[in-house]
Amino acid sequence: MNKKMSKSIIIKNGRVYDPRNGIDGDKIQIHIQDGKIVEKVNEKDAKVIDASGMVVFPGGVDIHTHIAGPKINTGRTFRPEDHAKDPVPRTKITRGGSGYSCPSTFVTAYRYAQLGYTTLVEPAMAPLEAKHTHEEFMDMPIVDKLTFPVFGNNWFVLQYVKTNDIDKLSAYIAWLLETTKGYAVKIVNPGGVESWAWGKNCESLDDPVLYWDVTPRQILEGLSTANEKLGLPHTIHVHANNLGHPGNYTHTLETFKTLEKINPTAGRKKVMHLTHCQFNCYGGTNWGNFESAASKVADYLNSHEHITIDIGQVIFTNTTTMTGDGPWEYALHHISGMSPWGAKPGCKWINGQVEAECGAGLVPYIFNPKVAVNAIQWAIGLELLLSIKNKEQIFLTTDHPNGGPFTFYPRVLKWLMDRKSRVNMLENIVSPKADSQTGLKAIDAELSLYELVQCTRSGTAKCLGLEDKGHLGIGADGDVSIYKFNPDAENKGDEIEKAFTLAAYTIKRGEIVVKNGEVMATPMGDTIWTKANVKENLMDAVIQDIKEKWRDHYSVNFNNYPVQEAYLPKQKIITTNS
Ligand SMILES: [Zn+2]
């Protein structure tokens with residue numbers, strides 16, 4: 001077969017799930033030519049995949065996973081015990097590395113491809129560390145990658161919010177996205193991380209940022225207004241204030257409400273994505289009376305469509321937490337470092353600040369099923385995903401590696417798709433508090449395959465504004481995942497987990513990259529970033545502002561700051577005009 005001929009594929013006899021096109025398990029053929037889904041290819045030139053006894057999905061799109069850059073790399077460095085237990089040998093095609101909670105770059109890409117994922121979002125890039133992030137992206141073959149620079153504690157942002165200069169704020173966003181080759185606006189604990197530089201935090205939406213005289217509410221409103229003014233493909237992507245604290249659900253609802261007045265653009269109805277929402281759905285007033293408030297958050301989301309969320313599901317394992325929310329990691333270090341279980345993993349703690357931009361922290365953590373709080377957290381994630389009706393409004397994540405490594409997604413699917421499996425957990429495995437303090441047991445729903453595709457593919461792609469992904473319609477990218485799974489059989493929990501752990505086939509841009517769970521090829525994927533055009537005189541004025549303050553804010557030269565094209569061997573640019 002010559003090279004040209006090998007570019008077309010026909011997938012036959014599989015049960016196809018493609019919610020964007022209303023296909024729910026029908027046996028239809030999928031044709032791929034030159035990396036795109038097409039109506040029909042010439043059968044005698046095509047490679048035919050017989051997907052009898054299998055389900056066919058669009059490639060997975062993970063909206064929030066910490067995979068690249070200094071934060072995860074620090075995790076790799078300070079947890080030798082983590083990768084010592086999961087060495088990954090090389091094969092004829094793949095490079096060696098290590099896995100578990102802070103996998104090495106190549107292993108990250110291979111493991112995602114083996115799971116059937118083809119597009120990944122690194123959701124928290126320090127702008128000053130952008131080059132490091134893109135360097136790691138270059139070592140992640142197969143998958144397409146996007147990254148979100150953080151904005152919520154950046155001094156230029158705080159200044160423009162303070163003067164309520166939305167035009168300049170918009171131009172600054174456009175400049176920083178292009179300069180760092182970023183895709184969307186990430187906000188982590190707005191204002192709280194700047195206050196943390198002085199040992200403080202912002203504990204409510206109206207708690208002023210130390211020395212700045214702006215509030216988290218103003219930062220959220222300002223950045224979302226600017227985001228919509230620019231017509232960016234994704235909404236603002238928010239890690240809310242007060243993450244991880246008992247009783248924080250009231251703050252979460254308040255955050256949702258404050259965004260009600262923002263008018264969406266870019267052809268969508270959403271104005272904010274609130275990430276790893278499980279960590280923001282807590283009732284009670286202290287760790288003793290800690291309980292789920294998932295039903296309150298779900299009630300709100302079931303009657304409002306301007307917000308999307310992902311869950312940040314907890315997995316019972318030894319993982320590494322890492323976030324731009326420095327004050328939270330400090331709190332977690334105290335909580336877990338003083339815990340009674342053995343090695344006290346939280347005794348290790350790293351904190352970092354990045355010049356005038358942001359901060360971060362890392363703490364190893366064991367989620368223990370017998371610890372009441374951890375068991376309740378586990379139940380809250382499942383409760384949220386099962387009780388929000390529109391599965392394109394809520395997405396499956398573990399906030400890798402915060403709730404646990406992404407490699408556990410198939411286990412989460414087992415709990416979501418099979419009620420018996422989760423009742424077994426509630427009755428036999430986890431602390432009884434997971435039953436008494438949450439509503440999980442009363443939920444009969446089981447996630448369908450159609451919904452599975454919604455919360456891992458069509459919904460995430462739509463939320464990100466990636467029109468060519470998350471579906472199998474004509475013109476979509478030829479990214480497909482195929483699993484040995486019989487939708488008509490009485491699939492038990494463990495069979496569900498097994499089926500989705502290793503894809504029978506993963507196809508990336510029309511090339512078979514995984515077969516029977518094994519990586520077969522490692523083509524380079526795209527790095528996708530957003531170029532938002534603003535009026536030239538406005539951009540000039542903002543660059544003037546930036547240059548004037550540069551030497552007070554940064555230790556590097558202005559000309560050394562931007563990410564050059566050499567860092568993006570394959571790029572795809574989404575352009576917007578405001
Ligand atoms: Zn995160």
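Keep in mind that this is a model prediction, so the values were computed, not measured. (Residues numbered from 1 in each chain as written. Predicted model: local features only at pLDDT ≥ 70, side-chain atom pairs only at ≥ 80, totals over all residues. Heavy atoms only, no water.)

Novice: Pulling in residues and values, what's your account of the coordination of the zinc ion?
Specialist: All of the protein donors around the zinc ion are His64 (NE2), His66 (NE2) and Asp399 (OD); their distances to the metal are 2.0 to 2.2 Å. Read in sequence order, the donor residues coordinating the zinc ion give the pattern H-x1-H-x332-D. Placement of the pair is His64 in the loop between strand 8 (60-62) and helix 1 (70-78) and Asp399 in the loop between strand 22 (394-395) and helix 13 (409-417), with a sequence separation of 335 residues. (Donors = N, O, S within 2.8 Å, 3.2 Å for Na, K, Ca; no water. Helix = DSSP H or I, 4+ residues; strand = E, 2+ residues; numbered from the N terminus.)

Novice: Describe the sheet that holds strand 14 (residues 236-239), naming the residues involved and giving the relevant values.
Specialist: Pairing is parallel in the open sheet, where five strands are placed in the order 13-14-15-18-22. Strands at the two margins of the open sheet, each flanked by one partner only, are strand 13 (186-188) and strand 22. The pairing of strand 15 (residues 272-274) with strand 18 (residues 307-310) spans three bridges and is parallel. Bridging from a neighbouring strand, Met272 pairs with Ile307 of strand 18. (Pairing = 2+ DSSP bridges.)

Novice: Tell me about helix 12 (residues 372-387), residues and numbers included.
Specialist: Taking 1.5 Å of rise per residue, 16 residues should cover 22 Å, and helix 12 covers 22 Å from first to last C-alpha, within 8% of that figure. Across the 16 residues of helix 12, 14 count as buried, placing the element largely inside the fold. (Expected span 1.5 Å × (residues − 1). Buried < 20%, exposed > 50% of the residue type's maximum accessible area, 1.4 Å probe, protein only.)

Novice: Give me the sheet that holds strand 3 (residues 23-26): which residues, what numbers.
Specialist: Read from one edge to the other, the open sheet built from seven strands follows the order 3-2-7-23-24-25-26, with strand pairing classed as mixed. Only two strands of the sheet have a single partner each, and these edge strands are strand 3 and strand 26 (518-519). Inspection of the sheet shows strand 2 (residues 15-18) paired to strand 7 (residues 54-58) by two bridges, in the parallel sense. Within the sheet, the bridge partner assigned to Val16 lies in strand 7 and is Val56. Against the sheet, helix 16 (residues 449-464) contacts strand 2, strand 3, strand 7 and strand 23 (480-484), and its axis sits at roughly 30° relative to strand 7. (Contact = heavy atoms within 4.5 Å. Axes fitted to C-alpha atoms, helices over the stretch in contact; angles between N-to-C directions.)

Novice: Help me get a handle on the packing of aromatic side chains, residues and values and all.
Specialist: Taken as a whole, this structure holds 29 aromatic pairs when the rule is applied. Each ring, one from Trp175 and one from Tyr561, has its centre 6.0 Å from the other, and the planes form 0°; the classification is stacked. In this pair, Trp175 is assigned in helix 6 (residues 166-180) and Tyr561 in the loop between helix 18 (536-553) and strand 28 (571-577), connecting sequence segments 386 residues apart. Side by side, Trp175 and Tyr561 carry an identical accessibility label, which is buried. Judged by centre distance (4.7 Å) and plane angle (65°), the rings of Tyr365 and Phe367 are edge-to-face. For Tyr365, a relative accessible area of 8% gives the class buried. (Phe/Tyr/Trp six-rings, centres within 6.5 Å; stacked < 30°, edge-to-face > 60°.)

Novice: Break down the state of the cysteines for me, citing the residues and quoting the values.
Specialist: For the structure shown, the criterion picks out zero disulfides. With no disulfide partner, Cys202 has as its closest neighbouring cysteine sulfur the one in Cys358, 15 Å distant. (Disulfide = S-S within 2.5 Å.)

Novice: Let's hear about the confidence of the model for the protein: which residues, and what values?
Specialist: In this model, the protein carries an average pLDDT of 95, and 97% of its residues clear a pLDDT of 70 or more. Counting contacts from residues 338-342, a segment whose pLDDT is below 50, to residues more than four positions away or on other chains yields seven contacts. (pLDDT = per-residue confidence, 0-100.)

Novice: Which residues make up the layout of surface pockets, and what are the values?
Specialist: Here the largest pocket defines a volume of roughly 600 Å³. Within the residue set of the lining of the largest pocket, elements represented by two or more residues are helix 16 and strand 28. When its residues are assigned to classes, the lining of the largest pocket shows eight nonpolar, eight polar and 12 charged. (1 Å grid on protein atoms, 1.4 Å probe; cavity = no way out; pocket = protein on both sides within 12 Å on 5 of 7 lines; lining within 4 Å. Points joined across faces, edges and corners; volume = space filled by probe spheres on them. Nonpolar A, V, L, I, M, F, W, Y, C, P; charged D, E, K, R; others polar.)

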